[in-house]
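# Structure assessment
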Amino acid sequence: MKASISTISIVLLSVSLSISLVTSNDAVDFDNFLRCLPIHSNPLVPITDAILTPTNSSFEYIYQLRASNLRTLLSSTSRPLAIITALHPSHAQATVVCAKRHGFHLRIRSGGHDFEGLSYTSGVPFVILDMFNLHSIDVDIESETAWVQAGATTGELYYRIAEKSNVHGFPPLSALVDTLVEVAMGFL
Ligand SMILES: Cc1cc2nc3c(=O)[nH]c(=O)nc-3n(C[C@H](O)[C@H](O)[C@H](O)COP(=O)(O)OP(=O)(O)OC[C@H]3O[C@@H](n4cnc5c(N)ncnc54)[C@H](O)[C@@H]3O)c2cc1C
């Protein structure tokens, strides 16, 4: 019996040692991830202004702002290591490059309307690339085309089209009555 208890202790000890090793490695990788971001983004729009970590007072607010499924807001749900609220397209590029390079799972969130929480939950350490600041819309009625950034909502797009035309529209979804202000264009 004694032998089996000490065997269990050794197993537990080695498990806890390997967990703390993984955790400290993750911390090193996360620091490297943060250092990687400015290297790969436009210095004229500092990406440091877009990075939120749990130490920022607005971190939890921004996390919850675009989380449509309230079940995912339980404190037991793992929060991301960081939310990159991209302010420039190069911030999105840098986040993808650096997350891949440093082995962090990436969740991309446009409107956060997906009820499975696919754009803001994960079972492994992860980073959210949040697109809500990238929501410019440029409608050219003459050529009947529009450039729309991923964080723009369908409501914003309809509004910008209606400003320029009474006859044009954009019908991407079948039943949008309750979703106009939330669903963003990144889902396309
Ligand atoms: C109440 C309700 C009603 C709905 N009604 C309809 C409907 O009538 N018709 C219909 O077609 N759908 C409907 N949907 C589904 C909804 O349109 C999808 O969930 C859509 O993906 C939401 O878009 P989003 O931008 O908010 O995506 P998010 O929730 O932000 O993301 C959805 C998925 O796309 C990925 N993603 C987001 N942005 C990007 C990006 N820029 N680049 C790459 N990947 C990205 C995310 O990682 C995630 O996996 C409904 C959903 C709900 C909850």
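Predicted model only: the values in this text are computed from it and were never measured.

Quick notes on the rules
- Residues numbered from 1 in each chain as written.
- Predicted model: local features only at pLDDT ≥ 70, side-chain atom pairs only at ≥ 80, totals over all residues.
- Helix = DSSP H or I, 4+ residues; strand = E, 2+ residues; numbered from the N terminus.
- Buried ≥ 20, exposed ≤ 12 C-beta atoms within 10 Å, placed from the backbone.
- Pairing = 2+ DSSP bridges.
- Expected span 1.5 Å × (residues − 1).
- Arc of directions from axis to C-beta.
- pLDDT = per-residue confidence, 0-100.
- Contact = placed C-beta atoms within 7 Å.
- Core = buried A, V, L, I, M, F, W, Y, C linked by C-beta atoms within 7 Å.
- Domains from an automatic or database assignment.

### A few points about the overall build of the chain
When helices and strands are counted, the chain shows four helices and six strands. For the chain, with 188 residues in total, the buried portion stands at 26%.

### Side note on the sheet that holds strand 3 (residues 105–109)
Pairing is mixed in the open sheet, where four strands are placed in the order 1-2-4-3. With one partner strand each, in any of the chains shown, strand 1 (51–52) and strand 3 form the two edges of the open sheet. Both strand 1 and strand 2 (residues 82–85) contribute to a ladder of two bridges, which runs antiparallel. In the sheet register, Leu-52 faces strand 2, and the bridge partner there is Ile-83.

### A look at the pairing of strand 4 (residues 126–130)
Among the five residues of strand 4, four are classified as buried, and the element is accordingly described as predominantly covered. Sheet topology places strand 2 next to strand 4; four bridges connect them, and they run parallel. Counterpart to Ala-82 in the pairing with strand 4 is Val-127. Note: strand 3 against strand 4, five bridges, orientation parallel. Counted as the bridge partner of Leu-106 is Val-127 from strand 4.

### Comments concerning helix 3 (residues 89–101)
Counted at 1.5 Å a residue, the expected span for helix 3 with its 13 residues is 18 Å, and the 19 Å between its end C-alpha atoms agrees. Within helix 3 the residues assigned to the buried category are His-91, Ala-92, Ala-94, Thr-95, Cys-98 and Ala-99. The arc that holds the buried residues of helix 3, viewed along the axis, is 165°, so those residues lie on one side. One or two steps after helix 3, the chain reaches Gly-103, where phi turns positive at roughly 75°.

### Notes on the confidence of the model for the chain
With 80% of its residues at a pLDDT of at least 70, the chain reaches an overall mean of 84. pLDDT under 50 marks residues 7–22. Its contacts with residues more than four places away, or in other chains, come to zero contacts.

### Describing the nonpolar core
Ile-84, Ala-86, Val-127, Leu-129 and Met-131 are the most contacted members of the largest nonpolar core, which has 30 residues in total. Of all the secondary-structure elements, those providing two or more residues to this core are helix 1 (2–39), strand 2, helix 3 and strand 4. When residues of this core are assigned to their parent elements, the largest contribution, four residues, is made by helix 3. Two domains each provide a minimum of three residues to this core, namely domain 1 (26–130) and domain 2 (137–187). Beyond its immediate stretch of four places on either side in the chain, Met-131 contacts Ala-86, Ile-108, Arg-109, Ser-110, Ala-150, Gly-151, Ala-184 and Gly-186.

### Here we look at the environment of Ser-122
By the secondary structure assignment, Ser-122 is in the loop between strand 3 and strand 4. Take Ser-122: there are 18 C-beta atoms within 10 Å of it, and that puts it in the partly exposed class. A sequence separation of 45 residues divides Ser-122 from Thr-77, and the C-alpha atoms of the two residues are 8.6 Å apart. The residues touching Ser-122, leaving out its near neighbours within four places in the chain, are Ser-78, His-105 and Arg-107.

### Considerations on the environment of Ala-92
Position of Ala-92 relative to the elements: it lies in helix 3. C-alpha of Ala-92 to C-alpha of Ser-41: the two residues are 51 residues apart in sequence and 8.5 Å apart in space. The residues contacting Ala-92, other than those within four sequence positions of it, are Ala-86 and Leu-129.

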